[in-house]
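Each chain, written out:
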Protein chains: 2
Amino acid sequence: MRNIHPLSSLKIRALIRKGKWDKPTAGLAMGYAQANLVILPQIYAFDFLLFCQRNPKPCPLLEVLEPGRFQTEFLSSEADIRTDIPRYNIYRKGKLEATVKEIRGFWKRDFVTFLLGCSFSFEEALVRSKIPIRHIEENRNVPMFITNIPCKPAGVFQGPMVVTMRPVHSDKVIRAVQITARYASVHGAPIHIGDPSKIGIKNMSKPDFGDAVTIKKGEIPVFWACGVTPQAVVMKAKPDLCITHTPGHMFISDLLNEELAAF
Amino acid sequence: MRNIHPLSSLKIRALIRKGKWDKPTAGLAMGYAQANLVILPQIYAFDFLLFCQRNPKPCPLLEVLEPGRFQTEFLSSEADIRTDIPRYNIYRKGKLEATVKEIRGFWKRDFVTFLLGCSFSFEEALVRSKIPIRHIEENRNVPMFITNIPCKPAGVFQGPMVVTMRPVHSDKVIRAVQITARYASVHGAPIHIGDPSKIGIKNMSKPDFGDAVTIKKGEIPVFWACGVTPQAVVMKAKPDLCITHTPGHMFISDLLNEELAAF
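Everything numeric in this text was worked out from a predicted model, so none of it was measured. (Residues numbered from 1 in each chain as written. Chains lettered and ligands numbered in written order. Predicted model: local features only at pLDDT ≥ 70, side-chain atom pairs only at ≥ 80, totals over all residues. Heavy atoms only, no water.)

> Run through the relation of the copies chain A and chain B, naming residues and quoting values.
Both copies of the chain are related through a single rotation about an axis accompanied by a shift along the same axis. Here chain A sits on chain B after a turn of 180 degrees about the axis and a move of 0.0 Å along it, with an RMSD of 0.0 Å. One copy is carried onto the other by what is essentially a two-fold rotation axis. For chain A, the smallest separation between a C-alpha atom and the rotation axis is recorded for F46 of chain A, amounting to 2.6 Å. Here 100% of the contact residues of chain A are again contact residues in chain B; the copies associate through an equivalent surface. (Least-squares fit on C-alpha atoms with pLDDT ≥ 70 in both. Contact = heavy atoms within 4.5 Å.)

> Before we move on, can you summarise the sheet that holds strand β9 (residues 219-225) of chain A with the specific residues and values?
Residue and element names in this part refer to chain A. A sheet is described by the order of its strands in space; here four strands give the open sequence β6-β7-β9-β8, paired in antiparallel fashion. Either end of the sheet is taken by a strand with one partner, and the two such strands are β6 (144-150) and β8 (192-193). Bridging between β8 and β9 involves two bridges; their strand directions are antiparallel. In the sheet register, I193 faces β9, and the bridge partner there is V222. Those strands touched by helix α5 (residues 173-181) are β7 (160-169), β8 and β9, and its axis lies near 15 degrees from that of β9. (Pairing = 2+ DSSP bridges. Helix = DSSP H or I, 4+ residues; strand = E, 2+ residues; numbered from the N terminus. Axes fitted to C-alpha atoms, helices over the stretch in contact; angles between N-to-C directions.)

> Account for the interface of chain A and chain B, with residues named and values stated.
Between chain A and chain B, the residue contacts involve 19 residues of the former and 19 residues of the latter. The largest per-residue losses of area from chain A upon contact with chain B belong to F46, Q53 and E66 of chain A, which jointly make up 40% of the total buried on that side. Our count for the contact surface shared by chain A and chain B stands at two salt bridges. As a salt-bridge pair, R54 of chain B and E66 of chain A come within 2.8 Å of each other at their nearest N and O atoms. (Buried area = accessible area lost by both parts, 1.4 Å probe. Salt bridge = Lys/Arg side-chain N within 4 Å of Asp/Glu carboxyl O.)

> Lay out the packing of aromatic side chains with the relevant residues and their values.
Applying the stated criterion across every chain, the model contains twelve aromatic pairs over all chains. Ring centres 5.4 Å apart and planes at 70 degrees place the aromatic pair F48 of chain B and F157 of chain B in the edge-to-face group. In this pair, F48 of chain B is assigned in helix α2 (residues 45-54) and F157 of chain B in the loop between β6 (144-150) and β7 (160-169), connecting sequence segments 109 residues apart. Three or more aromatic residues joined by ring pairs make a cluster, and in this case those are F48, F114 and F157 of chain A. One Lys or Arg, R82 of chain A, reaches over the ring of F70 of chain A and ends 3.5 Å from the middle of that ring. (Phe/Tyr/Trp six-rings, centres within 6.5 Å; stacked < 30°, edge-to-face > 60°. Lys NZ or Arg CZ within 6 Å of the ring centre and 35° of its normal.)

> Break down the sheet that holds strand β9 (residues 219-225) of chain B for me, citing the residues and quoting the values.
Across a sheet, paired strands are connected by hydrogen bonds in the backbone, their directions being either parallel or antiparallel. Residues and elements named next belong to chain B. Pairing in this open sheet of four strands is antiparallel, and the strands run β6-β7-β9-β8 from one edge to the other. With partners counted over all chains shown, the strands left at the sheet margins are β6 and β8 (192-193), one partner each. Here four bridges tie β6 to β7, and the two strands are oriented antiparallel to one another. The partner of M144 across the bridge, within β7, is T164. Where helix α6 (residues 228-237) meets the sheet, it contacts β6 and β7, and its direction lies at approximately 160 degrees from that of β7.

> So what about the packing of helix α2 (residues 45-54) of chain A against α2 of chain B? Which residues, and what values?
The interhelical angle for the contact between α2 of chain A and α2 of chain B, taken along N-to-C directions, is 35 degrees, at an axis separation of 10 Å. The chirality of how α2 of chain A crosses α2 of chain B is left-handed. Between α2 of chain A and α2 of chain B, the residues in contact are A45, F46, L49, L50 and Q53 of chain A and A45, F46, L49, L50 and Q53 of chain B, respectively. Classifying every residue of the contact of α2 of chain A with α2 of chain B by side-chain character gives eight nonpolar, two polar and no charged. (Left-handed = near helix turned anticlockwise from the far one by under 90°. Nonpolar A, V, L, I, M, F, W, Y, C, P; charged D, E, K, R; others polar.)

> Can you explain the nonpolar core? Please cite residues and give values.
In this structure, L40 and F114 of chain A together with L40 and F114 of chain B are the most contacted members of the largest nonpolar core, which totals 66 residues. Apart from residues lying up to four places away in sequence, L40 of chain B is in contact with F48, D110, F111, V112, F114, F157, V234, P239, L241 and C242 of chain B. (Core = buried A, V, L, I, M, F, W, Y, C linked by side-chain atoms within 4.5 Å. Buried < 20%, exposed > 50% of the residue type's maximum accessible area, 1.4 Å probe, protein only.)

Have a look at this one:
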């Protein structure tokens, strides 16, 4: 399956649906938006929707399906959320129970599906503007940190904001803000520039998730809200059941990143 | 009460709370965002929140309060939604039952309050940029039209988008788009420019709501999504109970319009 990279989002999803691709989706279907997945029983749905409404930077909603629905309308006209993601994590009471390749057998009529924007979209825009992404260059996972910035709570959901860090040369920081600000539905403008201690980060070489990356001379750490925030907040609330994508194994939509840009 | 205009949002809300101002709020607390109000029983709350998520241009959410809560947090740290709006409409099964000056006696523990952005915010920005607002000049209500553009339905809520029309000189149309695009949380960029028939409007001199205004030579009709959309959609769904502000009698927040601008 080495030749998956040049395929369209439609063809890649068809392969995933048949169980022929269960690896990460980074670099696939370039130009197309990928999305984080959170599925919750209906009893939690209002609280979680409200949490996303109140915290749009870490939780940018791209599409929410009505209870029981497993077919997207906005992100694709033909996708089935139960089969079209390479790997799913099943959590019970906040604990990982299993990682599976499809969830038809788990599906219940009260499941509400949330699809959230992902930083892959704005990273592509940064690279196009000659702003390099260090963790891609170093072939690592993006460094993620738990901050001291509280999200606005909603019902049972609460917790601190998690951020990603990308080192940007001081000459290009302003441009990086401008570029990512265009993509409000995929985390948008940064939430902090410069001093990690201001947002409660003590050790830049020890991220809470992902890998540390090199910060070169003349570069400034820039922090963006991260899609791990809603996942951490959901796990903390210990719902009876929650299904997410396995980190890195995203939903590939038929929507271009440029269609998500605000202007 | 002629001297209410120069007062702060805080002082105006205090007067409204005491029942000393029950007139429209246009022109009060200039610079501060005003909001539309929709209160629904909890049973309708997920569907309506989802409707707003799916239709952000006509339904730009500024704040949603959890079930039973009547104090805002984001729009003001001291407002009481039961008393701080000059006039309320009470609807049962989609029919207007009463117009009242406060709703403490109607309040129930399962009420969910939605506050939505209003075009007053972007009108102020247009005027500041020397783009005149005809209905203000002619001392009329903004003309509103029901379009043939369907909103994305959610649960029991569905219906066509309602738009406002402002004539803009052709030299200034692009600037008007740029300015209003900054205010995504108060309807944002226009939804149509130029040809009313393209969006199902047959007679520009007979708006469905509000008043007709003069369109001068060289001016082009520009259409923005309108906050009447969610009200019309809610009435059509005939909920057991719904409380809204009386048109024009808005909630005055402590948030500056500029704080709502995207960049």
